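# Commentary on secondary and tertiary structure
One letter stands for each residue in the lines below.
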Amino acid sequence: MFSSVKGFLLSFCLLSLSSFAFAKAQPILIQGAMTIETDVLIAKLENKKATTIGAWQFWEGEINGYPVVVSQTEVGYANAAAATTIAIERFKPMLIVNQGTAGGHDKALRRGDIVIAKESVNMGAYQVDYTEKGKGIHPTQWHRLDAPMRLRIDGKEVTFTHFASDNAMVEKALSLASTYPHGQVVSGVIGSADQWNREIDRINWLHETYNTAAEEMETAAVALVAKGYQVPFIGIRVLSNTDLHNEEFLPETATNCQNFVLNFVESVIADQK
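Residues numbered from 1 in each chain as written. Predicted model: local features only at pLDDT ≥ 70, side-chain atom pairs only at ≥ 80, totals over all residues. Heavy atoms only, no water.

### Thoughts on the overall build of the chain
Stated precisely, the cut-off is as follows: Secondary structure counts use DSSP, requiring at least four H or I residues in a row for a helix and at least two E residues in a row for a strand, with both numbered from the N terminus. Based on C-alpha atoms, the radius of gyration is set beside the globule rule, defined as 2.2 Å times the residue count to the power 0.38. For the exposure calls, accessible area comes from a 1.4 Å probe over protein chains only, and a residue counts as buried if that area is under 20% of its type's maximum, exposed if over 50%, partly exposed in between. Contacts between residues were defined by any pair of non-hydrogen atoms, one from each residue, lying within 4.5 Å. For the area figures, the Shrake-Rupley method with a 1.4 Å probe applies, and any residue is considered shielded solely by the protein chains shown. In summary, the charge assignment counts Lys and Arg as positive and Asp and Glu as negative, without counting His or the chain termini. One atom stands in for each charge, and that atom is NZ of Lys, CZ of Arg, CG of Asp or CD of Glu.
Within the chain, the regular secondary structure consists of seven helices and 14 strands. Its C-alpha atoms give the chain a radius of gyration of 20 Å, within 12% of the compact-globule value 19 Å for 273 residues. Along the first, second and third principal axes, the C-alpha set of the chain runs to 85 × 45 × 30 Å. In the chain, which comprises 273 residues, the share counted as buried stands at 49%. Here the analysis covers contacts within the chain between residues at least 6 apart in sequence; of these, 76% occur between residues at least 24 apart. Here the chain has roughly 13500 Å² of accessible surface; of this, 54% comes from carbon and sulfur atoms. Of the side chains in the chain, 23 bear a positive and 30 a negative charge, and the two mean positions are spaced by 5 Å.

### Quick notes on the pairing of strand β4 (residues 66-72)
Selection rule: For two strands to be treated as a pair, DSSP must find at least two bridges joining them.
Among the seven residues of β4, seven are classified as buried, and the element is accordingly described as predominantly covered. Residues Y66, V68, V70 and Q72 of β4 are buried on one face, and the alternating residues P67, V69 and S71, pointing to the opposite face, are buried as well. As judged from the five bridges shared by strand β1 (residues 28-32) and β4, these two strands associate in the parallel manner. Bridge assignment links I30 to a residue of β4, and that residue is V70. Examined bridge by bridge, strand β3 (residues 56-63) and β4 share seven bridges and lie antiparallel to one another. Its bridge partner lying in β4, E62 is registered against P67. Hairpin connection of β3 to β4: two residues between the antiparallel strands, including N64 at a positive phi of 55 degrees.

### Notes on the nonpolar core
The condition is simple: Side-chain atoms within 4.5 Å link the members of a nonpolar core, which is a set of buried Ala, Val, Leu, Ile, Met, Phe, Trp, Tyr and Cys residues.
In this structure, F58, I96 and F163 are the most contacted members of the largest nonpolar core, which totals 34 residues. Every element with two or more residues in this core is listed here: β3, α3 (77-91), β9 (150-153), α5 (200-210) and α6 (219-229). Top contributing element to this core by residue count: α6, with seven residues. Leaving out residues up to four positions away in the same chain, F163 has contacts with K118, E119, S120, M149, L151, A220, A223, L224 and K227. Core analysis: the second largest hydrophobic core is formed by 32 residues, V68, L95, I114 and Y180 among them.

### Description of the environment of N47
Condition: Pairs of N or O atoms are called polar contacts if they sit within 3.5 Å, as long as, within protein, a hydrogen donor faces a hydrogen acceptor (for residues adjacent in sequence, only side-chain-to-side-chain pairs).
Inspection of the secondary structure puts N47 in strand β2 (residues 46-53). Sequence-wise, N47 and E208 are 161 residues apart; in three dimensions their C-alpha atoms are separated by 46 Å. Filtering out sequence-adjacent residues up to four positions away, N47 remains in contact with E60, G61 and E62. In this structure the side chain of N47 is engaged in a polar contact, spanning 3.4 Å, whose partner is the side chain of E62.

### Quick look at the packing of α3 against α6
The criterion, for reference: To get an axis, a line is fitted to the C-alpha atoms, and for a helix only the part in contact is used. The angle between two axes follows their N-to-C directions and goes from 0 to 180 degrees. If an angle is under 35 degrees, it is roughly parallel; if it is over 145, roughly antiparallel; if it lies from 65 to 115, roughly perpendicular; otherwise it is oblique. Crossing chirality is assigned from the near helix's rotation relative to the far helix, an anticlockwise turn below a right angle marking it left-handed and a clockwise turn marking it right-handed. The nonpolar class holds Ala, Val, Leu, Ile, Met, Phe, Trp, Tyr, Cys and Pro. Asp, Glu, Lys and Arg form the charged class, and all remaining residues, Gly among them, are polar.
In contact at an axis separation of 8 Å, α3 and α6 are set at 30 degrees when each is read in the N-to-C sense. Considering the angle they form, α3 stands roughly parallel to α6. The two elements α3 and α6 meet at a crossing, and its hand is right-handed. Contacts from Y77, A80, A81, T84, T85, I88 and E89 in α3 reach A220, A221, V222, V225, A226 and Y229 in α6. When the residues that make up the contact of α3 with α6 are grouped by side-chain class, the tally is ten nonpolar, two polar and one charged.

### A look at the confidence of the model for the chain
Here is the rule we go by: One confidence number per residue, pLDDT, is output by the predictor and ranges from 0 to 100.
Considering every residue of the chain, the mean pLDDT works out to 92; 92% of them sit at 70 or more. For the stretch residues 8-12, pLDDT sits under 50, and the model shows zero contacts to residues farther than four places along the chain or on other chains.

### What to know about the environment of Q184
Here Q184 is to be found in the loop between α4 (167-175) and β12 (185-192). By relative accessible area, which is 36% here, Q184 ends up partly exposed. The contacts of Q184, once residues within four sequence positions are left out, are A108, L109, D113 and I114. A polar contact is formed between the side chain of Q184 and the backbone oxygen of A108, at a distance of 3.3 Å.

This is the structure we're talking about:
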């Protein structure tokens, strides 16, 4: 009985000391668009407190004594950019992790595989040449429009063709590949747009044009805002479906991704001690 109480008190003291050590630390921000992409993360938080700012929800708490904020951005480019801007202004994160589900663009990948975004790109911005009425619609001839990827950095306008994730964070995530039992963990390009593409020819065209491994609706928007604020960023996405292999959407993949992300975040936290 005494040893059990002693063990409890020791654990409590260690947790309290850990929380005290991280009292002034900048939090890690973890994002997911939907409830199925955030429920595991929220449940993991200790001492959590829910906050609604505008239309967007955030949960503040701790993981292993370190401050963590979980953000449910809602779906889409505009929601992701707005939620990220609010979170940076309000919580001042030291790292942003955007994670969740995605559709496959690479034949080498199957449902359940995780793509670590070495880069993310806006694949939904185009400029279209003039054609006369009756001449048809030709999406494969549209030109990429980089204007939405332009930022003012140090007083100068800079146009980006893509946004790179923090290289050290990418390497850390890849180093944890052996801990993920549900598929491969690879690095690749994630394409973002308010689209859900299921035409095989279009998926292949996007893959060939942007070198995308997967598509979803938020990563590049978050990466753009993170770049504007100079906050380290990483995108982590699980293939929940891929029409290249006739594999339909599987909700459980979102849970698997969150568990991998928790493992990654705990590894990042361990480095802060």
